[in-house]
Amino acid sequence: MQQLNVVISGFDQYEGVDVNPSFEVPNALAKQGLGEIADIDDPLHDVDVSISAVSLPVSFANAWPTLREAIDATRPNIVIATGLKHAAHSVALERCATNLMNAAKPDADNALPRFESIIPDGPAAYWTRLPLRAIINDFAHDAIPATLSSDAGTFVCNSLFYHLLNWASTQDRVLAGFVSFPLVNGTSHRQHGLSLDQLVLAGRDVVREAVRYYLQPSSRDILIA
């Protein structure tokens, strides 16, 4: 049986957020796994997928080094970073990471970069390596509200996303991307966030489709623009 390693990251704590989905979802997936795959024709049926969760500080200086340490320890085939968008009403699949730090508030280290490059002389942007079309289709099947996002902001989430894709660009075959979650709420009503169960299901859909695409790449699964 083929072995694939997946690292999924989230953040330790957001100010004023009691239940942080980017902490809860990765840990739930690491504990629960992808679940039983009954369809013998599904590429996932004969694959052992190991999921490792890592929690990161909301820090420009330390988020990426912490994730990179987990990557070096596990040598994953797929890396999925997650974060929180306070104003989002649905799960946002991030398409693009830009080479810009522009903080409206200090990070956990009290850093406040303004209009600075993440990597001097680095590319202006990187595109995600996740199969967004396939993920969106799964979300629709599971009634998970979702959107494609062209902007991961200019705070720590985008900085981490950019570092991750910059690293992935040097690897022979690694998938990597970023997913932003809305706030957790006890109802599925879009205007009030999503339930934690829905968000865990969304995270599982992302991992499943990333693994399927890793095993059987197809241009029909890609959706960027």
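Scope of this entry: the structure provided in the associated data block.

Conventions and cut-offs
- Residues numbered from 1 in each chain as written.
- Predicted model: local features only at pLDDT ≥ 70, side-chain atom pairs only at ≥ 80, totals over all residues.
- Heavy atoms only, no water.
- Helix = DSSP H or I, 4+ residues; strand = E, 2+ residues; numbered from the N terminus.
- Contact = heavy atoms within 4.5 Å.
- Buried < 20%, exposed > 50% of the residue type's maximum accessible area, 1.4 Å probe, protein only.
- Phe/Tyr/Trp six-rings, centres within 6.5 Å; stacked < 30°, edge-to-face > 60°.
- Lys NZ or Arg CZ within 6 Å of the ring centre and 35° of its normal.
- Pairing = 2+ DSSP bridges.
- Axes fitted to C-alpha atoms, helices over the stretch in contact; angles between N-to-C directions.
- Parallel < 35°, antiparallel > 145°, perpendicular 65-115°, else oblique.
- Left-handed = near helix turned anticlockwise from the far one by under 90°.
- Salt bridge = Lys/Arg side-chain N within 4 Å of Asp/Glu carboxyl O.

## Quick notes on the environment of Val174
Counting through the fold element by element, Val174 comes out in the loop between helix H4 (156-168) and strand E8 (175-181). Residues Val174 and Ile78 lie 96 residues apart in sequence; the distance between their C-alpha atoms is 5.6 Å. Those residues in contact with Val174 that lie beyond four places of it in its chain are Pro76, Asn77, Arg129 and Trp167.

## Some points on unusual backbone geometry
Of note in this structure, Asn110 is not a glycine but carries a positive phi near 65°. Along the chain, Asn110 turns up in the loop between strand E5 (96-98) and strand E6 (125-127). Not every positive phi belongs to a glycine, and Ala143 is a case in point at roughly 55°. Along the chain, Ala143 turns up in the loop between helix H3 (132-141) and strand E7 (146-149). A residue is classified by how much of its surface remains accessible, and Ala143, at 56% relative accessible area, is exposed.

## Here's the deal with the packing of aromatic side chains
Scanning all chains against the criterion turns up four aromatic pairs. Ring geometry for Tyr126 versus Tyr162: centroids 5.1 Å apart, planes at 55°, classification tilted. With Tyr126 in strand E6 and Tyr162 in helix H4, the pair connects residues that are 36 residues apart, well separated along the chain. Each member of the pair, Tyr126 as well as Tyr162, carries the same accessibility label: buried. Plain terms: the ring middles of Phe161 and Phe178 are 5.6 Å apart, the flat faces sit at 40° to each other, and that makes the pair tilted. Of this pair, Phe161 sits in helix H4 while Phe178 is found in strand E8, placing the two residues 17 residues apart along the sequence. Looking at Phe178, the relative accessible area reads 1%, which means it is buried. The ring of Tyr214 is capped by Arg173, whose NZ or CZ atom sits 3.9 Å from the centre of that ring.

## Some words on the pairing of strand E1 (residues 2-11)
Counted residue by residue, E1 has seven buried out of 10 residues, so it is predominantly covered. Judged from the 10 bridges that link them, E1 and strand E2 (residues 47-56) form a sheet pairing that is parallel. The partner of Ser9 across the bridge, within E2, is Val54. Where E1 and strand E3 (residues 78-84) come together, four bridges link them in parallel fashion. Residue pairing for E3: Val6 is matched across the bridge by Ile78.

## Some remarks on the packing of helix H1 (residues 21-32) against helix H5 (residues 196-215)
How two helices pack is summed up by the angle between their axes together with the distance between the axes. Packing of H1 against H5 brings their axes to within 9 Å, and their N-to-C directions diverge by 60°. Taken together, the axes of H1 and H5 are oblique relative to one another. For H1 against H5, the interelement crossing comes out right-handed. Of H5, the residues touching H1 (which contributes Pro21, Glu24, Val25, Ala28, Leu29 and Gln32) are Leu196, Leu199, Val200, Gly203, Arg204 and Val207.

## Overview of the pattern of salt bridges
By the definition in use, this model includes five salt bridges. Salt-bridge contacts for Glu94 lead to Lys85; the nearest nitrogen and oxygen are separated by 3.0 Å. For Glu94, a relative accessible area of 0% translates into the label buried. Overall, the relative accessible area of 24% leaves Lys85 in the partly exposed class. One salt bridge connects Asp138 with Arg212, and the closest N-O pair in it is separated by 3.8 Å. In this pair, Asp138 sits in helix H3 while Arg212 sits in helix H5, placing the two residues 74 residues apart along the sequence. Neither Asp138 nor Arg212 differs from the other in exposure class; each is buried. Each of the salt bridges in this network shares a partner with another, and the network as a whole consists of Asp42, Asp138, Glu209 and Arg212.

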